[in-house]
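As a plain string of letters, each chain reads:
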Amino acid sequence: MRERGLRKFNRSFIVNDETADSTNDSREGLLSDSRLLSDGHQGDVVKPRKQQLLVVANRLPVTAHRKGEDSWSLEVTAGGLVSALLGVNELDAKWIGWAGVNVPDEIGQTSLTEALVEKRCIPVFLDEEMVDKYYNGYCNNILWPLFHYLGLPQEDRLATTRSFQSQFDAYKLANQMFADVVCQHYEDGDVVWCHDYHLMFLPKCLKEKNSKMKVGWFLHTPFPSSEIHRTLPSRSELLHSVLYADLVGFHNYDYARHFVSACTRILGLEGTPQGVENQGKLTHVAAFPIGIDSGRFKRALKIPEIEDHIKELKKTFAGKKIILGVDRLDMIKGIPQKILAFEKFLEENPEWHDKVVLLQIAVPTRTDVPEYQKLTSQVHEIVGRITGRFGTLTSIPIHHLDRAVDWNALCAIYAITDVALVTSLRDGMNLVSYEFVACQESKKGVLILSEFAGAAQSLGAGALLVNPWNISELAASIGQALNMPAVEREKRHRHNYAHVTSHTSKQWADMFVSELNDIVVDDQLRTRQIPPTLPIEVAFDRYKHAKNRLLLLGFNGTLTEPIDSDGRIGGDQIKEMELKLYSELKEPLSVLCNDPNTTVLVLSGSDRSVLDDNFGDYNMWLAAENGMFLRLTKGEWMTTMPEHLNMHWVESVKHVFEYFTERTPRSHFEHRETSLVWNYKYADVEFGRLQARDMLQHLWTGPISNAAVDVVQGSRSVEVRSVGVTKGAGIDRILGEIVHSKSMATPIDYVLCIGHFLGKDEDICTFFEPELPAELIGLAKNKVTADMIKTSIDRKMAKLSGVRNGTRPIQGQEKAQRSSTRCERKSRNNLNTLFPARAAEESVAWHEGCSVLDLKSENYFSCAVGRKRSNARYQLNSTDDVVRFLKYLAGTHE
Ligand SMILES: O=P(O)(O)OC[C@H]1O[C@H](O[C@H]2O[C@H](CO)[C@@H](O)[C@H](O)[C@H]2O)[C@H](O)[C@@H](O)[C@@H]1O
Ligand SMILES: O=c1ccn([C@@H]2O[C@H](COP(=O)(O)OP(=O)(O)O)[C@@H](O)[C@H]2O)c(=O)[nH]1
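Right, let's walk through the structure included here. Please read these numbers as outputs of a predicted model, since none were measured by experiment.

## Notes on the site of ligand 1
Alright, step 1. Around ligand 1 sit 20 residues in total, of which R59, Y135, D196, H220 and D427 are the nearest.
Alright, step 2. Taking R366, its side chain carries an N or O atom lying 2.8 Å from an oxygen atom of ligand 1.
Alright, step 3. Residue D427 places a side-chain N or O atom 2.5 Å away from an oxygen atom belonging to ligand 1.
Alright, step 4. Starting from 550 Å² of accessible surface for ligand 1 in isolation, the protein chains cover 96%.

## What about the packing of helix α13 (residues 335–348) against helix α18 (residues 471–482)?
Alright, step 1. Interaxial distance between α13 and α18 falls to 8 Å at its minimum, and their mutual angle equals 65°. Crossing geometry of α13 relative to α18 is assigned as right-handed. Here Q337, K338, L340, A341, F342, K344, F345 and E348 of α13 lie close against α18, whose contacting residues are I471, S472, L474, A475, I478, G479 and L482.
Alright, step 2. Classifying every residue of the contact of α13 with α18 gives nine nonpolar, three polar and three charged.

## What to know about the pattern of salt bridges
Alright, step 1. Counted by the stated rule, this structure contains 38 salt bridges.
Alright, step 2. Among the salt bridges present, the one from E488 reaches R492, with a minimum N-O distance of 2.8 Å. A residue pair is termed a helical-turn pair when its members lie 3 or 4 positions apart in one helix, as E488 and R492 do in helix α19 (residues 486–502) at four residues.
Alright, step 3. Residue E488 is classed as partly exposed on the basis of its relative accessible area of 29%.
Alright, step 4. For R549, the salt bridge goes to D595, with nearest N and O atoms at 2.9 Å. Note that R549 is positioned in strand β18 (residues 549–553) and D595 in the loop between α22 (586–593) and β19 (598–603), a separation of 46 residues in sequence.
Alright, step 5. Through salt bridges with shared partners, one network takes in E343, E347, R385 and R389.

## What about the packing of aromatic side chains?
In this description, an aromatic ring pair is defined by two values, namely the gap between the centres and the angle between the planes.
Alright, step 1. Enumeration over the complete set of coordinates arrives at 34 aromatic pairs.
Alright, step 2. A centroid spacing of 6.0 Å and a plane angle of 40° characterise the contact between Y134 and Y171, whose relative ring orientation is tilted. Taken together, the positions of Y134 in helix α5 (residues 128–147) and Y171 in helix α6 (residues 157–185) put the pair 37 residues apart, joining distant regions of the chain. Taken individually, Y134 and Y171 each receive the classification buried, so the pair is uniform in this respect.
Alright, step 3. Judged by centre distance (5.8 Å) and plane angle (75°), the ring pair of F657 and F669 falls under edge-to-face. Linking F657 in helix α24 (residues 650–663) with F669 in strand β23 (residues 668–671), this pair joins segments that are 12 residues apart in sequence.
Alright, step 4. Residue F657 is classed as buried on the basis of its relative accessible area, which comes to 0%.
Alright, step 5. Look at F669 and you get partly exposed, because its relative accessible area is 23%.
Alright, step 6. Following the ring pairs from residue to residue traces out a cluster consisting of Y134, Y138, F164, F168, Y171, F178 and F201.

## Quick notes on the nonpolar core
Alright, step 1. With 96 residues, the main nonpolar core has Y134, Y171, F250 and F259 as its most contacted residues.
Alright, step 2. The element contributing the most residues to this core is α5, with 11 residues.
Alright, step 3. Both domains that meet at this core, namely domain 1 (53–153 + 162–287) and domain 2 (294–503), each give it at least three residues.
Alright, step 4. If we skip the residues at most four places from it in the chain, Y134 touches N58, L126, C139, A170, Y171, A174, N175, F178, H198 and L199.
Alright, step 5. With 76 residues, the next largest nonpolar core counts V62, F125, V422 and I519 among its residues.

## Here we look at α18
Alright, step 1. Over its 12 residues, α18 extends 17 Å from the first C-alpha to the last, a length consistent with the 16 Å expected when each residue adds 1.5 Å.
Alright, step 2. Residues L474, A475, S477, I478, G479, A481 and L482 constitute the buried set of α18.
Alright, step 3. As for α18, its buried residues are in contact with β12 (321–328), α13, β13 (356–363), β15 (419–422), β16 (446–450) and β17 (464–466).

## A short note on the packing of α22 against helix α30 (residues 879–890)
Alright, step 1. Interaxial distance between α22 and α30 falls to 9 Å at its minimum, and their mutual angle equals 45°. In terms of their interaxial angle, α22 and α30 are classed as oblique. Remark: the crossing between α22 and α30 carries left-handed chirality. Here P588, V591 and L592 of α22 lie close against α30, whose contacting residues are L886, K887, L889 and A890.

## A word on the environment of C411
Alright, step 1. Turning to its location among the elements, C411 is positioned in helix α15 (residues 407–416).
Alright, step 2. Since its relative accessible area comes to 0%, C411 is described here as buried.
Alright, step 3. Note: C-alpha distance between C411 and I310 (101 residues apart in sequence) is 8.7 Å.
Alright, step 4. If we ignore the near neighbours within four places in the chain, the residues touching C411 are F297, A300, L301, I306 and C439.

## Looking at the sheet that holds strand β1 (residues 53–59)
Pairing between sheet strands relies on hydrogen bonds along the backbone, with the strands arranged either parallel or antiparallel.
Alright, step 1. A sheet is described by the order of its strands in space; here nine strands give the open sequence β5-β4-β1-β6-β7-β8-β11-β10-β9, paired in mixed fashion. Each end of this open sheet is capped by a strand with a single partner; those strands are β5 (121–123) and β9 (270–271).

## Regarding the environment of G891
Alright, step 1. With respect to the helices, strands and loops of the structure, G891 is situated in the segment after α30.
Alright, step 2. Taking the C-alpha atoms as reference points, G891 and L592, separated by 299 residues in sequence, lie 9.3 Å from one another.

## Thoughts on the state of the cysteines
Alright, step 1. This structure, assessed with the given rule, holds zero disulfides.
Alright, step 2. Residue C765 stays outside any disulfide, its sulfur separated by 4.7 Å from that of C753, the closest cysteine.
Alright, step 3. Judged by relative accessible area, which is 2%, C765 ranks as buried.
Alright, step 4. The thiol of C863 is unpaired, and the distance to the nearest cysteine sulfur, on C765, comes to 8.9 Å.
Alright, step 5. We classify C863 as buried; its relative accessible area is 0%.

## What to know about helix α14 (residues 370–390)
Alright, step 1. Between its terminal C-alpha atoms α14 stretches 31 Å, which fits the 30 Å expected from 21 residues at 1.5 Å a residue.
Alright, step 2. Regarding α14, the residues found buried are Y372, L375, V379, I382, V383, I386 and F390. Viewed end-on, α14 has its buried residues packed into an arc of 100°, placing them on one side of the element. With respect to the buried face of α14, the exposed residues turned more than 90 degrees away are E381 and G388.

## Focus: the sheet that holds β23
Alright, step 1. Read across the sheet, four strands follow the order β23-β24-β26-β25 without closing on themselves; strand pairing throughout is antiparallel. With one partner strand each, in any of the chains shown, β23 and β25 (709–713) form the two edges of the open sheet. Taking each pair of neighbouring strands and ignoring which way they run, the sheet shows an average axis angle of 10°.
Alright, step 2. Pairing analysis gives five bridges linking strand β24 (residues 675–679) to strand β26 (residues 717–722), with the strands arranged antiparallel. Residue pairing in the sheet places L676 in a bridge with V720 of β26.
Alright, step 3. This element, α24, spans β23, β24 and β26 of the sheet and lies at about 10° to β24.

What counts and what doesn't
Per-chain numbering applies: the sequence of each chain, read as written, is numbered from 1 onward. The lettering of chains begins at A and the numbering of ligands begins at 1, in the order of writing. It should be noted that, the model being predicted, local features are given only for residues of pLDDT at least 70 and side-chain atom pairs only at 80 or more, the latter also being counted only at that level, while totals for whole chains, interfaces and linings use all residues. Side-chain descriptors were evaluated using all non-hydrogen atoms of the structure, hydrogens and water having been removed beforehand. Near residues are defined by distance, with any heavy atom within 4 Å of the molecule or strand qualifying the residue. We call two N or O atoms a polar contact when they sit within 3.5 Å, provided that within protein one can donate a hydrogen and the other can accept it, with sequence-adjacent residues counted only if both atoms are side-chain atoms. Computed with the Shrake-Rupley method and a 1.4 Å probe, the accessible areas treat only the protein chains shown as cover for residues. An axis is simply a line fitted to the C-alpha atoms; with a helix, the fit covers only the stretch in contact. Between two such axes, the angle follows the N-to-C directions and lies from 0 to 180 degrees. Secondary structure counts use DSSP, requiring at least four H or I residues in a row for a helix and at least two E residues in a row for a strand, with both numbered from the N terminus. Two helices that cross are described as forming a left-handed crossing if the nearer one is turned anticlockwise from the farther one by less than a right angle, and a right-handed crossing if clockwise. We call two residues contacting when some pair of their heavy atoms lies within 4.5 Å. Each residue gets one of three labels, nonpolar for Ala, Val, Leu, Ile, Met, Phe, Trp, Tyr, Cys and Pro, charged for Asp, Glu, Lys and Arg, and polar for the others, Gly among them. Here a salt bridge means any side-chain nitrogen of Lys or Arg lying within 4 Å of a carboxyl oxygen belonging to Asp or Glu. Throughout this description, buried means an accessible area under 20% of the type-specific maximum (1.4 Å probe, protein chains only), exposed means over 50%, and partly exposed covers the range between. Aromatic rings from Phe, Tyr and Trp, taking only the six-membered ring of Trp, are treated as a pair when their centres fall within 6.5 Å; an angle between ring planes under 30 degrees marks them as stacked, one over 60 as edge-to-face, and anything in between as tilted. Residue types Ala, Val, Leu, Ile, Met, Phe, Trp, Tyr and Cys, when buried and joined through side-chain atoms within 4.5 Å, form a set referred to as a nonpolar core. Note that domain bounds follow an automatic or database assignment of domains. Under the convention used throughout, the expected extent of a helix is 1.5 Å for every residue step, that is, one less than its residue count. Angle categories are assigned with fixed cut-offs, so that under 35 degrees is roughly parallel, over 145 is roughly antiparallel, 65 to 115 is roughly perpendicular, and the rest are oblique. Any two strands with at least two DSSP-identified bridges between them are counted as paired. Here, two cysteine sulfur atoms that lie within 2.5 Å of each other are counted as a disulfide. Taken from the helix axis, the directions to the C-beta atoms give the arc we talk about.

Here's what the structure looks like:
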């Protein structure tokens, strides 16, 4: 999960340069700009079809008003989402959404659809009942307050509970209706970008219709802490639906993190640095902070009409400082708090009476929702009281407007304002603060900004940050802003202006869409598919013809006795919870291990003693703890562990594991050198799962919140490992050691990599994949090893030249290992390995220029055991299938 940096964008869906600079600066103008609205065809020249961007949001950027049976007027919709997307005037986009009006008749629907064509808008028709349940009810009475930390409706709980289900059903149905319209307009290769909390079900509806559709979802509100989200009755269904998207975006890293932890804690899925993984399907999650079209505001201030406006306003408010509030009349905007703070300021600073005025533009919104109606009365009451208290015959302290103002007037007001007051109790971003800054190049006024608005992260350095719940602090900040020296105002403004003008809405959209395109392409190469069954005969045939084979086998769930649902092995009650090698495998394994042209390596998460106990008698290689320890069964254990692996987290994680082990009958935990694993496979599955979720919560908020660890959720386990400890991360070091130790003269030309690997460990499959382009191998490896393991051997050209890169004896075994480690003190080539390389004279049989691997695609068999989606090429259902196959390979089958 990362905040996206600006990336050069050159995809075909960005309209060519001719459309780049719109000089028509009014909003209405922007919408009707023929260049924006063109169909991608210019004159008679027919261009190849561009990738189309389908923007799907609850609301269209225009609200329709019916004039006659088939005539309509269209008015630009107010609100941040619309403002931001209107700024994206270069995308070859169509907008799909609700036109804000009930149109029950066919004539009306047809004529409105036609009227909207020139705005490149496509309507979704929702009837009154639907709007009431879906929009007023589920969206604005349930999700909106919840996502803004106001909780579920408190009053009349019983009624809310009763109506909840029907509202949720309507929500799903409405989302389906949006999906139907999208599908009517979608063509192969298009990008579908779904917006906001109204459409959390849409990714699922779309992907179920067409799994190849590129679907992104962006949330404009905060995503709350998982503690809040888990109070929502439909919490899991909503999360699952969003996860159908390829890319999920938020305004900032906090919201993205909350979303990922809701998925891990509530759904029990795996959180990765890229996002959320479910059965091998990765949903990318990232932060894409929105911006505004700052150029449009800058240019606006030079439009004569707006200049006139500015003059008029200056005259009207001559001799007074202007404090400005611009908000939809929404409880999240903290309007009562703002007005009360202003009252307190007047109370405490009588010298400012008559010298300051608060202009509050309160745009009516969601007026059918009772909470909003109550807020309107509450605000009116406070404004009336303060006016009565501080007003005089000639001046009033608050100008409260219960309506929207047009864009020209808004720009003029922004420009003449001394102090902008943004007091949101929570706000996804808050574009008003951006717009104010963009219009303040000459005035350099002060922005007072709530620390609970997403914008606080980007404009915090230049603004006065406040806690809107603290009325005294708010009042004091008004004083500070009004009295701020010009030099400080200038400095603060510079900072914010630089940010607002360099982080625009266009860049935001470009970044999201380009990221979406990129990940879909990457995922097609990398994503875990449902692989076909391992073709046993083919694998055997290739095996027979190969000269130097590597069999890389997992242990747990690959070579172990099956466990039935009661936690019994082979029908016996488990007394001890040890993993046992499948007894039927003993013979074939011996045969395979004794073949001089075959190297057998068991690579397991288990610790050394488990592997010793099960495989000590075979002639094979053992790699314990995901490859951090290595041993030829004839030799001693050595470590491939990166030297400075930080293990400070262990003690505190151990406490959490102990706590849960005591409270979960038949669970246990293992303390390995590089990881701790809590296992509940013998416990009651349902209870174990619940406990695992709680455990994760304890871990995330406590011991590992800042540690460099990965949390790996198995189907019945929770494992905490140091970052970089994955099977794929250590394999190059292991290979180096094997190749050296066996004095291999022939490159490995056959690899069978078979295992019940966890998602994080599937990098082992990608490591050997001959068909993966070099860049992606880099990606796959870097994903896990970047910071910890600075090994950059490109295996495609790995002329290891005898390099045994990175193994060391374990303390206490130095003596036994001396002969093989002496070399590590001398470096002989410039490969960036973790440890110094083997000396030239010791590279016994490994010739310069000879590759470790000479793996043709048809000789590589990676196989996932008991895992539906996988990076592996093939799959086998169970350990029984593995046994059957290995017997076949060894020729020991009947
Ligand atoms: O369509 P409405 O129900 O009238 O509401 C208007 C919009 O309000 C919300 O805006 C959010 O988006 C802004 C841009 O990302 C952001 O700055 C702000 O903090 C959010 O509150 C809502 O999310 C939109 O869907 C509505 O259209
Ligand atoms: O009379 C008005 C007042 C405000 N706005 C616009 O409404 C948006 C408010 O966006 P913000 O992100 O601040 O909050 P939201 O209303 O989306 O929650 C801004 O772009 C304003 O320019 C508007 O169109 N007309």
